[in-house]
Amino acid sequence: MGSLLNRWAREPGFVFTLLGLSVFGIGVIYSAGVLTIPSPVVSGAWQRQLVWFGLALVAFTVASRIPLRWIEWAAVPGYIFAVILLAATLVVGTGAGTAAGVKSWIAIGGFRFQPAEVAKIATILALARLLAARSEPPAYLRELIAPAALVALPLGLVMLQPDLGTAQAFVGILFAALFWAGTPLPLLILLVSPAAGLILSFDTRLWSIYFVLLVLGTYLYGRGRLYLPEMLAILFLNLAAGTIAQPLWNSLASYQQNRLLVFLDASIDPTGAGWNVIQSKVAIGSGGLLGKGFTMGTQKRL
């Protein structure tokens, strides 16, 4: 707590925002739990969140007193440990929720945890150490191979569970780290282009237009910045993405396909995978700018 007070003295806006959002979140959870027919699980959720908030303050204080050199030293062993945990999950992992066949949790006694959450933090620290060791921001495509490979290993292990949603978070971690490391935006766009090619390949006309623009953009940006093999690799990866799109889609479980389809249009499954999205829209629309009032939300009962 002393560390938090010291931070308050130096950066009051940051701490006020941090505490304010946390308290607001607990209040929202409390409001959502006030139901006509009380449920012990839902009505007590805010109390559990309050306990975790208190533990988080303690953890914040402890973490803020750890020397940065120690964290830097621990980045590589932490990453290796996280990868081992993810590999172990494929062997001894258990499932949770509605995702049948997914092995994403490890149970030790009565305690269960998700190794992918540990891997997220470990990957962030390992990426930070790798990129901080550079004297200049990445400026060439070949310089992105090492950070991409570092993320690809845990991402691949999570995909094998298979847990598509969590795997997407690792992609976000990579691009956020590269962006804040100063990587030029056009280079990041070229790096993500195979994913765009994968999505657009389901419409032949859109993919054709996209590929022509990609060839033109790669040539204009790549002159003097990329070697010819790098430019050809970008185009080849986009062609490969377009080729495997349909087989990859067919390999997904039905619930994974539904999540992606509902992301584009929730109305295709209004009583199933799209239910929460539709109810959220109704709640926001009916509440307007100021909402219906504390504990007065109507859609929470659904």
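No experiment lies behind these values; they were computed from the predicted model shown. (Residues numbered from 1 in each chain as written. Predicted model: local features only at pLDDT ≥ 70, side-chain atom pairs only at ≥ 80, totals over all residues. Heavy atoms only, no water.)

(A) How the structure looks around the overall build of the protein. Within the protein, the regular secondary structure consists of 13 helices and two strands. The C-alpha extent of the protein, read off along each of the three principal axes, is 65 × 50 × 45 Å. Per-residue burial for the protein yields a buried fraction of 27% across its 302 residues. For the protein, long-range pairs separated by at least 24 residues make up 59% of all intrachain contacts whose partners lie at least 6 apart in sequence. With the model as given, the accessible surface of the protein reaches about 19,000 Å², and the carbon-plus-sulfur share is 72%. Averaged over its 19 positive side-chain charges, the protein has a centre that lies 8 Å from the centre of its 10 negative ones. (Helix = DSSP H or I, 4+ residues; strand = E, 2+ residues; numbered from the N terminus. Buried < 20%, exposed > 50% of the residue type's maximum accessible area, 1.4 Å probe, protein only. Contact = heavy atoms within 4.5 Å. Areas by Shrake-Rupley, 256 points an atom, 1.4 Å probe, with all protein chains shown as cover. Lys, Arg positive; Asp, Glu negative; His and termini not counted. Charge placed at Lys NZ, Arg CZ, Asp CG, Glu CD.)

(B) Main features of the packing of helix α8 (residues 164-180) against helix α9 (residues 185-200). It is at 11 Å that the axes of α8 and α9 come closest, and there the two elements cross at 165 degrees. Judged by the angle between their axes, α8 and α9 are roughly antiparallel. Crossing hand, α8 versus α9: right-handed. Residues F175, L178 and F179 of α8 lie in contact with α9, whose contacting residues are L188, L191 and V192. Grouping the constituent residues of the contact of α8 with α9 by class yields six nonpolar, no polar and no charged. (Axes fitted to C-alpha atoms, helices over the stretch in contact; angles between N-to-C directions. Parallel < 35°, antiparallel > 145°, perpendicular 65-115°, else oblique. Left-handed = near helix turned anticlockwise from the far one by under 90°. Nonpolar A, V, L, I, M, F, W, Y, C, P; charged D, E, K, R; others polar.)

(C) Region of the structure containing a nonpolar patch on the surface. On the surface, V58, V62, I66 and W70 cluster together to form a nonpolar patch covering roughly 410 Å² of accessible area. Along the chain, I66 turns up in the loop between α4 (45-64) and α5 (68-92). (Patch = residues over 30% accessible without salt bridge, like charges linked within 9 Å, V, L, I, M, F, W, Y side chains within 5 Å. Salt bridge = Lys/Arg side-chain N within 4 Å of Asp/Glu carboxyl O.)

(D) Highlighting the pattern of salt bridges. Counting across every chain of the model gives three salt bridges. Between E117 and K120 there is a salt bridge; the shortest N-O distance is 3.1 Å. Of this pair, E117 and K120 both sit in helix α6 (residues 115-132), three residues apart, which is roughly one turn of the helix. E117 sits in the partly exposed class, given a relative accessible area of 35%. With its nearest N and O atoms 3.2 Å apart, the salt bridge here joins E143 to R134. Residue R134 is classed as partly exposed on the basis of its relative accessible area of 30%.

(E) Examining the packing of aromatic side chains more closely. Tallied over the entire structure, the rule returns four aromatic pairs. Between the aromatic rings of Y30 and W46, the centroid separation amounts to 5.5 Å while the plane-to-plane angle is 90 degrees, which identifies the pairing as edge-to-face. Placement of the pair is Y30 in helix α2 (residues 12-33) and W46 in helix α4, with a sequence separation of 16 residues. On the numbers, 5.9 Å between centres and 20 degrees between planes, the contact of Y30 with F294 is stacked. Of the two residues, Y30 is situated in helix α2 and F294 in the segment after α13 (275-287); the sequence distance between them amounts to 264 residues. Given the relative accessible area of 35%, Y30 is considered partly exposed. A connected cluster of aromatic rings, assembled from ring pairs, spans Y30, W46 and F294. We note R142 situated over the ring of Y140; from NZ or CZ to the ring centre the distance is 4.4 Å. (Phe/Tyr/Trp six-rings, centres within 6.5 Å; stacked < 30°, edge-to-face > 60°. Lys NZ or Arg CZ within 6 Å of the ring centre and 35° of its normal.)

(F) Just the nonpolar core, in detail. Counting residues in hydrophobic clusters, the biggest one holds 33 residues, and the most contacted among them are L214 and L226. For this core, the elements supplying multiple residues, two or more each, are α5, α6, α7 (145-159), α8, α9, α10 (204-222) and α11 (228-251). The greatest single-element share of this core, amounting to six residues, is contributed by α6. Filtering out sequence-adjacent residues up to four positions away, L226 remains in contact with L141, L187, L190, M231 and I234. (Core = buried A, V, L, I, M, F, W, Y, C linked by side-chain atoms within 4.5 Å.)

(G) A look at the confidence of the model for the protein. Confidence in the prediction for the protein averages 83 pLDDT; 92% of positions are at 70 or higher. For the protein, the element scoring lowest by mean pLDDT is helix α1 (residues 2-10), at 60; α6 scores highest, at 92. (pLDDT = per-residue confidence, 0-100.)

(H) Just α13, in detail. Compared with the 18 Å implied by 1.5 Å per residue over 13 residues, the 18 Å span of α13 between its first and last C-alpha is a close match. Taken from the residues just after α13, G288 is the one with a positive phi, measuring 70 degrees. (Expected span 1.5 Å × (residues − 1).)

(I) How the structure looks around helix α12 (residues 254-264). Those residues of α12 lying buried are Y255, Q256, Q257 and V262. The inward-facing, buried residues of α12 contact α8, α11 and α13.

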